[in-house]
Number of protein chains: 2
Amino acid sequence: MKNILVIGAGRSSSSLIKYLLDNSDRENWKVTVADVSLEAVRQKTQDHPNSRAIEFDINNEQQRAEEISYADLVISMLPAFMHMNVANDCLRFKKHLATASYVSKEMAAMHEAAKEAGIVLLNESGLDPGIDHASAMKVIDEIYEQGGQITLFKSYCGGLVAPESNNNPWGYKFSWNPRNVILAGQGTAQYIENGQYKYIPYNRLFTQTDTIEIDGCGKFDAYANRDSLSYRHAYRIENIPTMLRGTLRMPGYCKAWNVFVKLGLTDDTYKIEASDTLTYPELLEAFLPEGTQSTKEKLIAFMGKDMDAEIISMIEWLGVFEPVKIGIPNASPAQILQHLLEEKWKLEEHDKDMIVMQHQFTFTTREKKTKTILSSLVVKGEDQVHTAMAKTVGLPLAITAKLILQGKIKARGVIIPTTKEIYLPLLEELETLGVKFEEKEIG
Amino acid sequence: MKNILVIGAGRSSSSLIKYLLDNSDRENWKVTVADVSLEAVRQKTQDHPNSRAIEFDINNEQQRAEEISYADLVISMLPAFMHMNVANDCLRFKKHLATASYVSKEMAAMHEAAKEAGIVLLNESGLDPGIDHASAMKVIDEIYEQGGQITLFKSYCGGLVAPESNNNPWGYKFSWNPRNVILAGQGTAQYIENGQYKYIPYNRLFTQTDTIEIDGCGKFDAYANRDSLSYRHAYRIENIPTMLRGTLRMPGYCKAWNVFVKLGLTDDTYKIEASDTLTYPELLEAFLPEGTQSTKEKLIAFMGKDMDAEIISMIEWLGVFEPVKIGIPNASPAQILQHLLEEKWKLEEHDKDMIVMQHQFTFTTREKKTKTILSSLVVKGEDQVHTAMAKTVGLPLAITAKLILQGKIKARGVIIPTTKEIYLPLLEELETLGVKFEEKEIG
């Protein structure tokens, strides 16, 4: 019997834990699920005979060491900055680790020690990063194997609301950490286009967008992610002249979000004075020039050519022109915006979320023909619990954990799912679970 | 005899050291000047009989303790973050300290201990902060004493180039730390207007400017400083409905600087790829949308209504459209901009800089009349060494140090020059040295 320890039983662990328990008889697994909230664990394990539910304090060194030493493989669903204590214990007790988080500098530094210990520290094995790596590398490797030369790679992903559950003009509801949505894009987006490095600062990120079309799913706005450049190395396409990664939103979202950016309402670095007693229009007034017009008229004048009737109705739908008190003390502009949007963009019980991903590859064949491949994924959630987000984050993690325990992953040390021994069986099994890319060749 | 220890003999110490040596016979002072560069010290002390020049390493604990224990008063011209070691030694040996820096949290925490030790830790005793405090408090106290009620206080300061030395379209040359000029305003400006808190994020700081006029000196652009609100407490005007502090630039500067902000060229948080081999037009292209036009045409199109012929000529004057290599490796956009501007905005040997400051006070008299007082200061430098900046930073520090040594300042602990016992003799002596405010009452 193999012991799996899952740390973290939050919202995005539902599909992960379900997969592990569904496969536990065949694979002969005992699955321990650990969380600060025993209630959250029990909701997920449902007294499954192969499960063990424990209340867990990540800062309790003794309990952490005990549980990790008892496991064969640990899956950490903790926030990224909390992985290192777990990783160090995994190294100490020579246990495998799987996470859906980016490889941190500290994690990367453990590569040689982990290799020596004969363990796998698998990271970036969720959706984005995760499925994006696997699905992109499959096409990239195929093009190379056929003697092709890749000249362009653009990759987009978005966690959205499914059209059938979309009853708000933003086309958006929260299916993951709201704070990350509010702060998204802060910094400067860096990418490369036709051999030239390009930079888009935050102040115009949501105005310099592209339009992406996915068959049967319609059009989307895409804004550039902060970092596209480091993926050239990870994907073994160092000299590619055009490389961009971006985030997808429903059409109109970006130009409306730009209102908040331009106003300054996404800033999280200082607190608004008397934020609990202010109303939303008073908050807007604090960011708008003086004048005698209504708040709405002032906002329209302030945005100038960046405002249109659609944006106004989107902003108005949020209720910010109604004299409602914010009601939270000592809050930053970003915290106030999050507070408002968590109410307005709530995923309701029977709402379905939707994950969309598209890769674009342009390449020159051995015969010097230029071709383009579009590889697209659409996954819809079942409801508010079994979301597409939980599915696409949790299933790759569960499947790669299984591959490690089955001895099918030979690599050791700190790895990500960009190699064939991982991405081929991963993508194959994901297809059987309804997570399937559609490929289309153009030209 | 009293011993004064001056730590730091950089550019802005020239007037400070000159004043101390000029007054050393009368006051019976021995002035020790300490710096990592003995050469820099000797340039300032010029073998004056009451001077002692030493090579000094601020991190050498033994030397630091020795020199501070030997002194009666220490003046620290170090960067603000380096004051604390000095302050702690001053407390240990019960020596007075004077700096021109803002009171840090660490410094503020020493108040009670310093009071107990019977020493003065005087901070913010330079130009801004320093002369601004003293001159503002004089008017504020006078208004209160006459039974007036202050309804508006706006205060502006700028370190500029004197008109007679102004031979560039920006009207700007560096008279202090260039890096601070490049990064100025990052964050969100906060102030209060007619009882309403107002916020201006960085992305529109240089477009929401005011015009300030100083008699005999012309008009200036003013942009809001990051923090205006905390001064309400320091100036004992907690309930004032309008309070703003701002920075002055020559007309046109702000709207031209906005080009760099909008492009993203003031960002210091990441490095430009291959910055050493890029040319300036190539750098601009990296921030501009794709197109077939020239870099200049693209920039004009990009800025749209925020561009005019004057701005174009200002940008062009910097040489950024000429194919010159940047030549510095691994540089952030802000570092590249600083590198370019340090060459273009250099204060030449016989150039004169200029300090301008203006306070605006509106108040209701005991007889319910509304009046406004304008209090303005213009100081010009002599040359590149004896700058107005060095004079207005160094003289208040030297004078307040003298007042401490003469026993004329009774307060103990961490203080700033906002009380009568300091600002009255300080402003009086500054007048005799040519640093004189002109007051004008309106209405």
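Residues numbered from 1 in each chain as written. Chains lettered and ligands numbered in written order. Predicted model: local features only at pLDDT ≥ 70, side-chain atom pairs only at ≥ 80, totals over all residues. Heavy atoms only, no water.

Asks: In this structure, what is going on with the overall build of chain A? I would like to understand it.
Replies: Counting secondary structure elements, chain A contains 17 helices and 16 strands. At 23 Å, chain A has a C-alpha radius of gyration in line with the 22 Å of a compact globule built from 443 residues. By principal-axis analysis of the C-alpha atoms, chain A measures approximately 75 × 60 × 40 Å. Expressed as a percentage of its 443 residues, the buried residues of chain A come to 57%. Once local pairs closer than 6 in sequence are excluded, the contacts in chain A between residues at least 24 apart make up 70%. In the form shown here, chain A has an accessible surface area of approximately 18300 Å², with 48% of it arising from carbon and sulfur atoms. (Helix = DSSP H or I, 4+ residues; strand = E, 2+ residues; numbered from the N terminus. Rg over C-alpha atoms; globule rule 2.2 N^0.38 Å. Buried < 20%, exposed > 50% of the residue type's maximum accessible area, 1.4 Å probe, protein only. Contact = heavy atoms within 4.5 Å. Areas by Shrake-Rupley, 256 points an atom, 1.4 Å probe, with all protein chains shown as cover.)

Asks: What am I meant to see in the domain arrangement of chain A here?
Replies: Where the parts come together, the accessible area they lose is often given as the size of the interface. Residues and elements named next belong to chain A. If you check the domain split of chain A, you get domain 1 (2-123), domain 2 (131-256 + 348-387) and domain 3 (271-331). The centre of domain 2, based on its C-alpha atoms, is set 31 Å off from the matching centre of domain 3. If you look at the interface, domain 2 gives eight residues, while domain 3 gives seven residues. Across the domain 2/domain 3 interface, buried area totals approximately 740 Å², and carbon plus sulfur atoms make up 70% of it. The largest share of the area that domain 2 buries against domain 3 comes from Pro169, Trp170 and Lys255, three residues that together contribute 66% of it. For the pair domain 2 and domain 3, the interface holds two salt bridges. Among the ionic pairs, Glu310 bridges to Lys255, the shortest N-O distance being 3.3 Å. In this assembly, domain 2 and domain 3 are joined by three residue pairs in polar contact (both at pLDDT 80 or more). (Domains from an automatic or database assignment. Buried area = accessible area lost by both parts, 1.4 Å probe. Salt bridge = Lys/Arg side-chain N within 4 Å of Asp/Glu carboxyl O. Polar contact = N/O pair within 3.5 Å; in protein donor to acceptor, adjacent residues only side chain to side chain.)

Asks: What am I meant to see in the pattern of salt bridges here?
Replies: Side-chain pairs of opposite charge can arise where the charged atoms are in close proximity. All names here are of chain A. Counted under the stated rule, the structure contains 48 salt bridges over all chains. Across the pair Lys380 and Glu164 runs a salt bridge whose closest N-O atoms are separated by 3.3 Å. Of the two residues, Lys380 is situated in strand β14 (residues 370-380) and Glu164 in the loop between β7 (149-161) and α9 (178-183); the sequence distance between them amounts to 216 residues. In this structure, Asp268 engages Arg179 in a salt bridge whose closest nitrogen and oxygen atoms are separated by 2.9 Å. Of this pair, Asp268 sits in the loop between α11 (253-263) and α12 (280-287) while Arg179 sits in helix α9, and the two are 89 residues apart along the sequence. Look at Asp268 and you get partly exposed, because its relative accessible area is 22%.

Asks: How should the sheet that holds strand β4 (residues 73-76) of chain A be read in this particular structure?
Replies: Think of a sheet as strands paired side by side through backbone hydrogen bonds, with each pair either parallel or antiparallel. Residues and elements named next belong to chain A. Ordered by their spatial adjacency, seven strands build an open sheet running β3-β2-β1-β4-β5-β6-β15, and the pairing between neighbours is parallel. Two strands close off the open sheet at either side, each with one partner strand: β3 (51-55) and β15 (413-415). Taking each pair of neighbouring strands and ignoring which way they run, the sheet shows an average axis angle of 20°. (Pairing = 2+ DSSP bridges. Axes fitted to C-alpha atoms, helices over the stretch in contact; angles between N-to-C directions.)

Asks: Explanation requested: the relation of the copies chain A and chain B in the structure shown.
Replies: Applying a rotation about an axis and a shift along it to one chain copy brings it onto the other copy. Superposition record for chain A on chain B: RMSD 0.1 Å, screw rotation 180°, translation along axis 0.1 Å. The relationship between the two copies is best expressed as a two-fold rotation axis. For chain A, the smallest separation between a C-alpha atom and the rotation axis is recorded for Asn203 of chain A, amounting to 3.1 Å. An overlap of 100% is found between the interface residues of chain A and their copies at the interface of chain B, pointing to a shared contact surface. (Least-squares fit on C-alpha atoms with pLDDT ≥ 70 in both.)

Asks: For this particular structure, what's the right way to read the environment of Leu284 of chain A?
Replies: Residue and element names in this part refer to chain A. With respect to the secondary-structure elements, Leu284 resides in helix α12. In this structure, the C-alpha to C-alpha distance between Leu284 and Lys298, residues 14 residues apart in sequence, is 9.5 Å. When neighbours within four sequence positions are excluded, Leu284 is seen to be in contact with Leu263, Leu265, Thr295, Val320 and Phe321.

Asks: Looking at this structure, how should I read the pairing of β7 of chain A?
Replies: A regular strand places its side chains on the two faces of the sheet in alternate fashion. Residues and elements named next belong to chain A. Within β7, 11 of the 13 residues are buried, which leaves it mostly tucked inside the rest of the structure. One ladder, built from 12 bridges, connects β7 with strand β13 (residues 353-364); its direction is antiparallel. Bridge pairing links Gly159 to Ile355 in β13. Of the strand pairs in this sheet, β7 and strand β12 (residues 242-249) are connected by six bridges, and their pairing is parallel. Among the inter-strand pairings, Cys157 is bridged to a residue of β12, identified as Thr247.

Asks: Even after reading the chapter, I still don't get the environment of Gln46 of chain B, so can you show me in this structure?
Replies: Following the sequence through the fold, Gln46 of chain B ends up in the loop between α3 (38-45) and β3 (51-55). Sequence separation of Gln46 of chain B and Val261 of chain B is 215 residues, and the distance between their C-alpha atoms is 44 Å.

Asks: Where do I start with the interface of chain A and chain B in this structure?
Replies: Each partner contributes to the interface: chain A provides 30 residues, whereas chain B provides 30 residues. Taking both sides of the interface into account, the surface hidden between chain A and chain B amounts to around 2500 Å²; carbon and sulfur atoms contribute 46%. In terms of surface lost to chain B, no three residues of chain A exceed Tyr199, Arg204 and Glu273 of chain A, which account for 24% of the buried area on that side. The tally of links from chain A across to chain B stands at two salt bridges. Between Glu290 of chain B and Lys198 of chain A there is a salt bridge, with its nearest N and O atoms 3.0 Å apart. Here chain A and chain B share 20 residue pairs in polar contact (both at pLDDT 80 or more) between them. Elements supplying a minimum of two residues to the side of chain A that touches chain B: β8 (188-193), β9 (196-201), α11 and α12 of chain A. Ranked by residue count, the leading element in the side of chain A that touches chain B is β9 of chain A, at five residues. Class assignment for the residues of the side of chain A that touches chain B results in 13 nonpolar, seven polar and 10 charged. (Nonpolar A, V, L, I, M, F, W, Y, C, P; charged D, E, K, R; others polar.)

Asks: Looking at this model, I keep getting lost on the side chain of Thr387 of chain A. Mind explaining?
Replies: Residue and element names in this part refer to chain A. Position of Thr387 relative to the elements: it lies in the loop between β14 and α16 (388-405). Residue Thr387 is classed as buried on the basis of its relative accessible area of 4%. Separated by 2.8 Å, the side chain of Thr387 and the backbone nitrogen of Ala390 make a polar contact. Those residues in contact with Thr387 that sit more than four places away from it in its chain are Ser15, Leu347, Asp353 and Gly381.

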